[in-house]
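# Structural overview
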Amino acid sequence: LPDRHAPVNALAIDPTDPRIVYAATDAGFNAGVWRSVDGGGTWTLSTAGLPGNFRLNALALDPKTPTTVYVGTNGDGVYKSVDGGRSWTPAGRTGWPEGDLGRIALAVPPGSDGLKVWAAVSGRGLFATGDGGASWTLLNQDGSLANSYMANLAADPRGPETLWAMGRGLRKSTDGGKTFTIAKGAPGGDDYHIL
């Protein structure tokens, strides 16, 4: 990364080759998705197809197809790369919320070939796609699944319908995001940011 003070908002590691690492950075600091193929020794910036004026704040990939990578922006939407982060295209907008968006959290369940993606949109709820981002469905209207302070999702590697959401409590869904229960800590200040 060119600036050691550049804010890195999300990291993703290729589980088939841990030398391949992705880092999403903010606007104003050579924003984009940085890619390393030597475990972080050197980095290449990819901005082809990405908006230049939004914060990139989430990265997700499927361990089975790690060259398909998704990045979430703060205010614009979701972008997809099918060439390992070298170039990006906007995901589809069918079923996607309108207007300015806040933070977006992303997760890709294992074994979905990168076609299924969960996206928690700040104040809007949890959306999902099963066609690689072409169209989206609102699964859960709970706007607190992502907010301006914390927004993070994690797909459980043990099951394609198990999803974790971080917040004041650690929430777990076993039905693909339709419902959640508190797994650890009741809402009230526990502040789970990452899993």
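Residues numbered from 1 in each chain as written. Predicted model: local features only at pLDDT ≥ 70, side-chain atom pairs only at ≥ 80, totals over all residues. Heavy atoms only, no water.

## Comments concerning the environment of Glu161
One can find Glu161 in the loop between β13 (152–155) and β14 (163–166). When its relative accessible area of 35% is taken as the criterion, Glu161 is described as partly exposed. Engagement of the side chain of Glu161 in a polar contact is seen with the side chain of Lys116, the distance being 3.0 Å. (Helix = DSSP H or I, 4+ residues; strand = E, 2+ residues; numbered from the N terminus. Buried < 20%, exposed > 50% of the residue type's maximum accessible area, 1.4 Å probe, protein only. Polar contact = N/O pair within 3.5 Å; in protein donor to acceptor, adjacent residues only side chain to side chain.)

## Considerations on the layout of surface pockets
Volume-wise, the largest pocket comes out at about 780 Å³. What lines the largest pocket is a set of 32 residues, and nearest its centre among them are Leu11, Leu59, Asn152, Leu153 and Leu195. Among the elements of the structure, β1 (8–13), β5 (55–62), β9 (104–107) and β13 are those that each provide at least two residues to the lining of the largest pocket. The element contributing the most residues to the lining of the largest pocket is β5, with six residues. (1 Å grid on protein atoms, 1.4 Å probe; cavity = no way out; pocket = protein on both sides within 12 Å on 5 of 7 lines; lining within 4 Å. Points joined across faces, edges and corners; volume = space filled by probe spheres on them.)

## Re the sheet that holds strand β7 (residues 78–81)
The sheet built from four strands is open, its strands ordered β5-β6-β7-β8 with antiparallel pairing. Two strands bound the open sheet, and with one partner strand each, they are β5 and β8 (89–90). (Pairing = 2+ DSSP bridges.)

## So, the sheet that holds strand β11 (residues 125–129)
Where strands meet in a sheet, backbone hydrogen bonds hold them as pairs that are either parallel or antiparallel. The strand order across the open sheet formed by four strands is β9-β10-β11-β12, and the pairing between neighbours is antiparallel. At either end of the open sheet lies a strand with only one pairing partner, and these are β9 and β12 (137–140). Sheet twist, expressed as the average angle between the axes of neighbouring strands with direction ignored, equals 30°. Pairing of strand β10 (residues 117–121) with β11, which is carried by five bridges, proceeds in the antiparallel orientation. From the neighbouring strand, Ala119 faces β11, where its bridge partner is Phe127. (Axes fitted to C-alpha atoms, helices over the stretch in contact; angles between N-to-C directions.)

## Looking at the nonpolar core
In this structure, Val78, Trp96, Ile104, Leu106 and Trp136 are the most contacted members of the largest nonpolar core, which totals 15 residues. Mapped by element, the contributors of at least two residues to this core are β5, β9 and β10. For this core, the element with the most residues is β10, which contributes three residues. Those residues within four positions of Val78 in sequence are excluded, and the remaining contacts are Tyr70, Val71, Pro90, Ala91, Arg93, Trp96, Ile104, Leu106 and Trp136. If you look at the next biggest cluster of nonpolar residues, it comprises 14 residues, including Ala12, Ile20, Tyr22 and Trp88. (Core = buried A, V, L, I, M, F, W, Y, C linked by side-chain atoms within 4.5 Å. Contact = heavy atoms within 4.5 Å.)

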